Amino acid sequence: MNRKHFIKSAAVMTGAALSGSTLQAAGRLFAPTDATDKLKKGLGFSMIKEDLSLLDKFKLVKDLGYDGIEFNTPLDLDISDILKACQATDLRVPSVVNKDHWSKPLSDPDAAVRKHTIDSVALSLQEVKELGGDTVLVVPGVVNDKVSYQTAYKNALDSIRQLIPHVEKTGVKIGLENVWNNFILSPVEAAAFLDEIDHPLIGWYFDIGNILRYGWPEHWIETLNTRIVKLHAKAFSRAKMNDEGLWKGFEVELTEGDIDWAKVMQSLRDVPYKGEWLTVELGGGDRQALAKISQQMDHILAL
């Protein structure tokens, strides 16, 4: 189902192929939002290094000024326990990260490998729906010495299309993320890939820090535009990358490095970005470390 037909189906309650729950979800997605509102702050669950119960971890995150927590899925935790912690702290789970897309890429030449991750992402879609979220992060494919760019592109496109029935059933978005996967290396290509899929619930989960290795985040935001459904934040230093090694580029404070956060925030306002959340994806740490990150996020969001 393409974008135009999906929106028409969501608007017309009779004769639609979608379930009632999906129509309700689609209505929420298409509802207008004020992009100038302050973005909500999220962090990854694995960043919380304190030895605490699940509920106490949620309380810690709430105390430090965060609004939500992002989990890797399929979950190792009980959904009911997470929901109880959310209810007790008024925190949300806005999105999840599928954890199989790297080890078993959607672009793999082996159909059985692709099927494994298609099923895994389908489960992630269902789990985040039960948690009250609206997005699953998925890496679309990986290019390496054994998988050509052409093969990865064809297989990734086919795998994402196979996920469309699951997306429509749940009303949950898939956000494809830019990572160091040697695949979809420019914003023009990313936009074209999404437009070839042509579905309103499949967009881009833009990682602001990942792009510094070969581009500028404001350029990607300008081109991807309203295709961006969620944001990951981390910092990156090209000088550290060049002087100390590729991965050392990430070893920099969130408000330091080479990201011009003022330009990024202005670009998000210009689009405008309506994904509501800015979620940090960092190493994390104890209460003190997470408090510092929260303060740095406040600084960025105030720009």
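Residues numbered from 1 in each chain as written. Predicted model: local features only at pLDDT ≥ 70, side-chain atom pairs only at ≥ 80, totals over all residues. Heavy atoms only, no water.

If you tally the helices and strands in the chain, you get 12 helices and eight strands. Relative to its 303 residues, the chain shows a buried fraction of 52%. For the chain, long-range pairs separated by at least 24 residues make up 77% of all intrachain contacts whose partners lie at least 6 apart in sequence. With an accessible surface of roughly 13600 Å², the chain has 50% of that area assigned to carbon and sulfur atoms. (Helix = DSSP H or I, 4+ residues; strand = E, 2+ residues; numbered from the N terminus. Buried < 20%, exposed > 50% of the residue type's maximum accessible area, 1.4 Å probe, protein only. Contact = heavy atoms within 4.5 Å. Areas by Shrake-Rupley, 256 points an atom, 1.4 Å probe, with all protein chains shown as cover.)

Another point: the environment of Ile160. Tracing the sequence through the fold places Ile160 in helix α6 (residues 149–162). Separated by 39 residues in sequence, Ile160 and Val121 have C-alpha atoms that sit 9.8 Å apart. Leaving out residues up to four positions away in the same chain, Ile160 has contacts with Leu106, Leu176, Ile197 and Ile202.

Looking at the chain as a whole, the pLDDT averages 90, with 88% of positions reaching at least 70. Note on residues 10–36: pLDDT under 50 across the span, and 33 contacts to partners over four residues away in sequence or across chains. (pLDDT = per-residue confidence, 0-100.)

Here the focus is the pattern of salt bridges. One pass over the structure, following the stated rule, counts 13 salt bridges. Two residues, Asp134 and Lys173, come together in a salt bridge whose shortest N-O distance is 3.6 Å. In this pair, Asp134 is assigned in the loop between α5 (111–130) and β4 (135–138) and Lys173 in strand β5 (residues 173–177), connecting sequence segments 39 residues apart. Residue class for Lys173 comes out buried when judged on its relative accessible area of 9%. Members of the salt-bridge network, linked through shared partners, are Asp134, Lys173 and Lys230. (Salt bridge = Lys/Arg side-chain N within 4 Å of Asp/Glu carboxyl O.)

This next bit is on the side chain of Lys57. Relative to the helices and strands, Lys57 is located in helix α3 (residues 54–63). For the buried Lys57, no salt bridge is present, and the opposite-charge side chain at shortest range is Asp51, 6.5 Å distant. (Lys, Arg positive; Asp, Glu negative; His and termini not counted.)

Another point: unusual backbone geometry. Look at the link from Thr73 to Pro74: it is a cis peptide, with omega at 0°. Take Pro74: it is sitting in the loop between β2 (68–73) and α4 (79–89). A cis amide bond links Val271 with the next residue in sequence, Pro272, at an omega value of -10°. Along the chain, Pro272 falls in the loop between α11 (261–270) and β8 (277–280).

Below, the discussion takes up the side chain of Thr135. Position of Thr135 relative to the elements: it lies in strand β4. In this structure the side chain of Thr135 is engaged in a polar contact, spanning 3.4 Å, whose partner is the side chain of Lys230. In this structure Thr135 touches Pro94, Ser95, Val96, Val128, Val172, Lys173, Gly175, Tyr205, Val229 and Lys230, once residues within four positions along its chain are discounted. (Polar contact = N/O pair within 3.5 Å; in protein donor to acceptor, adjacent residues only side chain to side chain.)

A word on the sheet that holds strand β6 (residues 202–207). Strands in a sheet are paired, the pairing made by backbone hydrogen bonds, and the direction either parallel or antiparallel. Taken in spatial order, the eight strands of this closed barrel run β1-β2-β3-β4-β5-β6-β7-β8, and their pairing is parallel. Strand-to-strand twist of the sheet, defined as the mean angle between neighbouring strand axes without regard to direction, takes the value 30°. The sheet strands contacting helix α8 (residues 187–197) are β5 and β6, and the helix crosses β6 at an angle near 160°. Contacts from helix α9 (residues 217–224) reach β6 and β7 (228–233), with the element oriented near 170° to β6. (Pairing = 2+ DSSP bridges. Axes fitted to C-alpha atoms, helices over the stretch in contact; angles between N-to-C directions.)

A few words now on the packing of α3 against α4. Put simply, α3 and α4 touch, their axes get as near as 9 Å, and they point 35° apart. α4 is crossed by α3, and the crossing has right-handed handedness. Contacts between α3 and α4 involve Leu54, Leu55, Phe58, Lys59 and Lys62 from the first element and Asp81, Ile82, Ala85, Cys86, Ala88 and Thr89 from the second. Considering only residue class, the contact of α3 with α4 consists of seven nonpolar, one polar and three charged. (Left-handed = near helix turned anticlockwise from the far one by under 90°. Nonpolar A, V, L, I, M, F, W, Y, C, P; charged D, E, K, R; others polar.)

What follows is about the pairing of β4. With burial as the criterion, each face of β4 is covered, one bearing Thr135 and Leu137 and the other bearing Val136 and Val138. Viewed along the sheet, the connection from strand β3 (residues 95–98) through α5 into β4 turns out right-handed. Relative to β5, β4 runs parallel, the two being bridged by four bridges. Each bridged residue has a counterpart across the sheet, and for Val136 the counterpart in β5 is Ile174. (Right-handed = clockwise from strand over helix to strand, strands pointing away.)

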